[in-house]
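Fold and contact review
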Amino acid sequence: SVIEAAKAKGFNIIDATCPYVRLISNIIKKELESGASIFLLGEPGHPEVIAATADFGEAVRVIDHASFDPQTFPWPSGDSVLLSQTTMSEENFSKVVCDFVHHCRKLTVYNTICQSTRTRQSAALALAKRVDVMVVVGGKNSSNTKRLAELCAAIVPTSMIERASDLKQKDFEGMNLAGVTAGASTPDEIVQEVVRILSEF
């Protein structure tokens, strides 16, 4: 609807929406025609979630995985459709899918987690198991960067930074091996600068 409103005002539109994000809206639009209850697992205030659901109003219920409680959740009596924010961890999505399978009569699940997000998270987890400390580079408001930091922090001490100048040598005293990963939109030159400074430490 934002794009249509912009076109109506005469703007030339260059749509750079990630195709994985666009897919969520397209699935929701298709599944609403079936009359099923639509659920999207994601962060309610995240721009991706807002963009994917804004045109559908209350027809799509957003589930915040951090506060989801299967005991108090108002389970639908009819058919259900479950999707995920593209940057959700597979672990969080799988847990909620299991609860839906247990409570729903008929369930359709779309794994809409971005493939590059899955690959990045798996690689970060594997790396975190081999090092003394992890550094996650990316915007503090970036959902996929925050998710990387959460996953790594569950395994090893983890620092989340936006740029190389955020590094503090005292945080790495006594550490021999540091791992570095980055959010999907972090420029490579920033990552390389972080690696260079860590090497000097």
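Please refer to the structure placed before this passage.
What comes next concerns the included structure. The model shown is predicted, which means the values in this text are computed figures rather than measured ones.

Next up on the list: the pairing of strand β5 (residues 133-137). Counting buried residues along β5, five of its five residues qualify, which places the element largely inside the surrounding structure. Burial along β5 is two-sided: the face carrying Val133, Val135 and Val137 and the face carrying Met134 and Val136 are both buried. Two strands pair when backbone bridges link them, and β5 and strand β7 (residues 178-182) are joined in this way by five bridges, in the parallel orientation. Paired with Val133 across the strands is Ala178, a residue of β7. For β5 and strand β6 (residues 158-161), the ladder comprises four bridges, and the chain directions are parallel. Opposite Val136, over in β6, you have Met160 as the bridge partner.

This paragraph deals with the packing of helix α5 (residues 115-128) against helix α6 (residues 143-153). Across the interface, α5 lies against α6 with an axial gap of 9 Å and an inter-helix angle of 30°. The angle between α5 and α6 places the two elements in the roughly parallel class. The chirality of how α5 crosses α6 is right-handed. Two secondary-structure elements touch here, α5 through Arg120, Gln121, Ala124, Leu125 and Ala128 and α6 through Arg147, Leu148, Leu151 and Cys152.

Looking now at the sheet that holds strand β2 (residues 60-63). The strands that make up a sheet pair up through hydrogen bonds in the backbone, lying either parallel or antiparallel. Pairing is parallel in the open sheet, where four strands are placed in the order β2-β1-β3-β4. The two strands at the open ends of the sheet, each matched to only one other strand, are β2 and β4 (107-109). On average, adjacent strands in this sheet sit at an angle of 25° to one another, irrespective of strand direction. As paired elements, strand β3 (residues 80-84) and β4 share three bridges and run parallel to each other. Pairing of Leu82 across the sheet is with Val109, part of β4. Its contacts with the sheet place helix α2 (residues 19-32) against β1 (37-41), β2, β3 and β4, and it is angled at close to 175° to β3. On the sheet, helix α4 (residues 90-103) packs against β1, β2, β3 and β4 and is oriented at approximately 175° with respect to β3.

Spanning 14 residues, α2 covers 20 Å between terminal C-alpha atoms, matching the ideal 20 Å at 1.5 Å per step. Of the positions making up α2, those classed as buried are Val21, Ile24, Ser25, Ile27, Ile28 and Glu31. Buried residues of α2, seen end-on, are gathered within an arc of 160° and therefore sit on one face of the element. Buried positions along α2 lie against β1, α3 (47-53), β2, β3 and β4.

Attention shifts here to the sheet that holds β7. Ordered by their spatial adjacency, three strands build an open sheet running β6-β5-β7, and the pairing between neighbours is parallel. Only two strands of the sheet have a single partner each, and these edge strands are β6 and β7. Strand-to-strand twist of the sheet, defined as the mean angle between neighbouring strand axes without regard to direction, takes the value 20°. Packed onto the sheet, α5 meets β5 and β7 and runs at close to 170° relative to β7.

Following the criterion strictly, the structure yields 11 salt bridges and no others. Here Lys95 makes a salt bridge to Glu91, at a shortest N to O gap of 3.7 Å. Linking Lys95 with Glu91, this pair stays in helix α4, spanning four residues, or about one helical turn. For Lys170, the salt bridge is made with Asp171, and the minimal N-O distance between the two is 3.4 Å.

Conventions we followed
- Residues numbered from 1 in each chain as written.
- Predicted model: local features only at pLDDT ≥ 70, side-chain atom pairs only at ≥ 80, totals over all residues.
- Heavy atoms only, no water.
- Buried < 20%, exposed > 50% of the residue type's maximum accessible area, 1.4 Å probe, protein only.
- Helix = DSSP H or I, 4+ residues; strand = E, 2+ residues; numbered from the N terminus.
- Pairing = 2+ DSSP bridges.
- Axes fitted to C-alpha atoms, helices over the stretch in contact; angles between N-to-C directions.
- Parallel < 35°, antiparallel > 145°, perpendicular 65-115°, else oblique.
- Left-handed = near helix turned anticlockwise from the far one by under 90°.
- Contact = heavy atoms within 4.5 Å.
- Expected span 1.5 Å × (residues − 1).
- Arc of directions from axis to C-beta.
- Salt bridge = Lys/Arg side-chain N within 4 Å of Asp/Glu carboxyl O.

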